[in-house]
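# Observations on the three-dimensional arrangement
The chain contents come next:
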Amino acid sequence: MTFGFDLDLLRTFAAVVETGGFTRAADRINLTQSTVSQQIKKLETNLGHALLIRDRPTGSVRTTEEGEVLMSYARRILTVSAEASQALGRSVPLAKTVRLGVPEDFAGQRMIDLLSGFSRTSPGARLDTVSGWSFELRRLLHAGEIDLALVKREPGDGACIAKWEERLVWVGDPVLATGKDPVPLAVFPAGCIYRERVIRAVERSGRTWRIAFSSQGLMGVQAAVVSGLGISLLPIDAVLPEHHVLGSSDGFQPESSSELALIAMAKKLEPTVRELADFLEANLTLLDLNRRSHEIG
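Described in the following lines is the structure provided in the data block.

Analysis parameters
- Residues numbered from 1 in each chain as written.
- Predicted model: local features only at pLDDT ≥ 70, side-chain atom pairs only at ≥ 80, totals over all residues.
- Heavy atoms only, no water.
- Core = buried A, V, L, I, M, F, W, Y, C linked by side-chain atoms within 4.5 Å.
- Buried < 20%, exposed > 50% of the residue type's maximum accessible area, 1.4 Å probe, protein only.
- Helix = DSSP H or I, 4+ residues; strand = E, 2+ residues; numbered from the N terminus.
- Contact = heavy atoms within 4.5 Å.
- Phe/Tyr/Trp six-rings, centres within 6.5 Å; stacked < 30°, edge-to-face > 60°.
- Lys NZ or Arg CZ within 6 Å of the ring centre and 35° of its normal.
- Salt bridge = Lys/Arg side-chain N within 4 Å of Asp/Glu carboxyl O.
- Pairing = 2+ DSSP bridges.
- Axes fitted to C-alpha atoms, helices over the stretch in contact; angles between N-to-C directions.

### Digging into the nonpolar core
- With 28 residues, the main nonpolar core has Trp 170, Leu 185, Phe 188, Ile 231, Leu 234 and Phe 252 as its most contacted residues.
- Listed by contribution, the elements that provide at least two residues to this core are strand S7 (168-171), strand S8 (183-187), helix H8 (193-204), helix H9 (218-226) and strand S10 (232-235).
- At six residues, H8 tops the list of elements feeding residues into this core.
- Discounting residues that sit within four places of it in the chain, Trp 170 has contacts with Val 198, Ala 201, Ile 231, Ser 232, Leu 233, His 244, Val 245, Leu 246, Phe 252, Gln 253 and Glu 255.
- Of all hydrophobic cores here, the second largest spans 21 residues; its members include Leu 100, Met 111, Leu 150 and Leu 260.

### Details of the packing of aromatic side chains
- With the rule as written, the count across this model stands at four aromatic pairs.
- Taking the centre distance of 5.8 Å and the plane angle of 55° together, the rings of Phe 188 and Tyr 194 count as tilted.
- Phe 188 gets classed as buried once you look at its relative accessible area, which sits at 1%.
- Residue class for Tyr 194 comes out buried when judged on its relative accessible area of 2%.
- Members of the aromatic cluster, joined through ring pairs, are Trp 133, Phe 188 and Tyr 194.
- Lying over the aromatic face of Phe 22, Arg 54 brings its terminal NZ or CZ to 4.0 Å of the ring centre.
- The ring of Tyr 73 has Arg 76 sitting right over it, with the charged end atom 4.6 Å from the ring centre.

### So, the pattern of salt bridges
- Overall, the coordinates contain 15 salt bridges when judged by the stated rule.
- A salt bridge links Glu 154 to Arg 200; its shortest N-O distance comes to 3.3 Å. Within this pair, whereas Glu 154 is found in the loop between strand S5 (148-153) and strand S6 (162-166), its partner Arg 200 is found in helix H8, the two being separated by 46 residues in sequence.
- Judged by relative accessible area, which is 36%, Arg 200 ranks as partly exposed.
- Overlapping salt bridges, with partners in common, bring together Asp 6, Asp 8, Arg 11, Arg 126 and Asp 128 in one network.

### Some points on unusual backbone geometry
- Look at the link from Asp 181 to Pro 182: it is a cis peptide, with omega at 0°.
- Position of Pro 182 among the secondary structure elements: in the loop between helix H7 (174-177) and S8.
- Residues other than glycine seldom take positive phi values, yet Asn 30 does so here, at roughly 60°.
- Looking at the element boundaries, Asn 30 is found in the loop between helix H2 (22-29) and helix H3 (33-47).
- Judged by its relative accessible area of 61%, Asn 30 falls in the exposed class.

### With respect to the sheet that holds strand S3 (residues 96-103)
- A sheet is described by the order of its strands in space; here five strands give the open sequence S4-S3-S5-S12-S6, paired in mixed fashion. Pairing within the sheet leaves two strands with one partner each, and these edge strands are strand S4 (125-132) and S6. In this sheet, neighbouring strand axes are inclined to one another by 15° on average, regardless of whether the strands run parallel or antiparallel.
- Of the pairings in the sheet, the one linking S5 to strand S12 (residues 258-263) comprises five bridges and is antiparallel in character. Bridge pairing links Ala 149 to Ile 263 in S12.
- Contacts between helix H6 (residues 134-142) and the sheet are confined to S3, S4, S5 and S12, with S5 contributing the most and set at about 145° to the helix.

What follows is the structure, encoded as structure tokens:
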């Protein structure tokens, strides 16, 4: 099996070994301790070997046999890399990694198009993205595993860097909507704001409900609605041409908007993280304004 070494991971590994601990290594290479831990774990996963043994009481580390072997190669690889950069007459700056969490239904081409713009304006930054449901992204943020997160939430649910209104609409087969109880629902996993909204709204109307279809992904719910499996509540950007939008005449009252919010745990963001936050705030605001203008038009 061929394996290509990631220089960033090797630098982090070398820093941990040379300083004797994760905290001191983080200070040396200007990363958070959690990021250092994640990079070592990634390197160990890539190689299929444990590389370090931690002494929890003292916080010190020592190499395993495999780690000792890797360290001898890491020094040579990093030295050759530095020599090559010097020979080319320029130093190659280390890309600063920014870890961003995005909602499951926001990932895909739309997010790629947006983030490609950031990569062009900030070529010195490296983006690591993870998609998931908002409750998962909040957990990752609190654990220090990501720097920023775009989450779906109830309006005003805590502090944020920026927020945007998200209009929600009912979609489904009108025959299902006006049929006998229980109302069949096509929903996302438990903990998703849309799922909670759907169930509360149906119960407020005095009707009973059943989960007819559940999916971890947006495309699954969209397809279930098209196929007539169930009724769902979706952000207006996720409504397909094949969907039938339901209204009061179908027994579904308009739902108040939810919120897309950009959040972070750190009160003071690192420069590259702040660059991404500013970029997202400006561009998502522009997209929101364009969408509203289109709706009005």
